[in-house]
Amino acid sequence: MKLSVKKGDNVLVLAGKDAGKTGEVLEVNRQDGRVVVANVNIQSHHRKPRSKDDKGGILKTEGAIDASNVQVVCPTCKKATRVAHTLEDGKSVRVCKKCGAKLDAKTSTKTTAKKTAKSSKKA
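Residues numbered from 1 in each chain as written. Predicted model: local features only at pLDDT ≥ 70, side-chain atom pairs only at ≥ 80, totals over all residues. Heavy atoms only, no water.

**Observations regarding the pairing of strand β9 (residues 83–88)**
1) Next: One ladder, built from six bridges, connects β9 with strand β10 (residues 91–96); its direction is antiparallel. Of the residues in β10, the one forming a bridge with Val83 is Cys96. (Pairing = 2+ DSSP bridges. Helix = DSSP H or I, 4+ residues; strand = E, 2+ residues; numbered from the N terminus.)

**Section: the layout of surface pockets**
1) Next: Each pocket or cavity is described by its volume, and for the second largest pocket that value is around 150 Å³.
2) Next: If you go around the second largest pocket, the residues you meet are Leu3, Ser4, Val5, Ala67, Val70, Gln71, Val72, Thr81, Arg82, Val83 and Lys97.
3) Next: Here the lining of the second largest pocket takes three residues from strand β7 (residues 70–73), the largest share from any one element. (1 Å grid on protein atoms, 1.4 Å probe; cavity = no way out; pocket = protein on both sides within 12 Å on 5 of 7 lines; lining within 4 Å. Points joined across faces, edges and corners; volume = space filled by probe spheres on them.)

**A short note on the nonpolar core**
1) Next: Val5, Val11, Val35, Val37, Ile65 and Val70 are the most contacted members of the largest nonpolar core, which totals 17 residues.
2) Next: Those elements giving two or more residues to this core turn out to be β1 (10–13), β3 (34–37) and β7.
3) Next: Residues within four places of Ile65 in sequence aside, it is in contact with Val13, Gly33, Arg34, Val35, Val37, Val40, Asn41 and Val70. (Core = buried A, V, L, I, M, F, W, Y, C linked by side-chain atoms within 4.5 Å. Buried < 20%, exposed > 50% of the residue type's maximum accessible area, 1.4 Å probe, protein only. Contact = heavy atoms within 4.5 Å.)

See the structure below:
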């Protein structure tokens with residue numbers, strides 16, 4: 001399934017009990033079309049102690065929500081937006097529909113920084 005949400009994106013939850021909350025995407029499951037967002041859809045898991053030293057208790061973890069219930073928040077205009085795809089240098093780039101800013105800008109700057117660091121070590 002084609003999703004416009006990636007790990008590390010800041011998203012706004014549109015539907016469900018946590019509607020209106022924002023958080024970072026921790027995990028993306030493309031087969032099921034579900035995402036795990038930090039501090040959203042908190043579920044309680046009751047754990048039984050398995051050994052003498054192991055502590056049991058109630059563990060709180062984030063549960064997955066459907067990707068259609070979240071919208072990417074643009075880092076430039078700070079608004080929840082749909083994602084457009086444009087071609088740039090032969091590669092598809094995610095773009096904000098409202099302001100036109102690149103949503104993949106932070107990942108591209110990391111890769112260029114790594115490339116320049118490697119080239120400077122070789123020289």
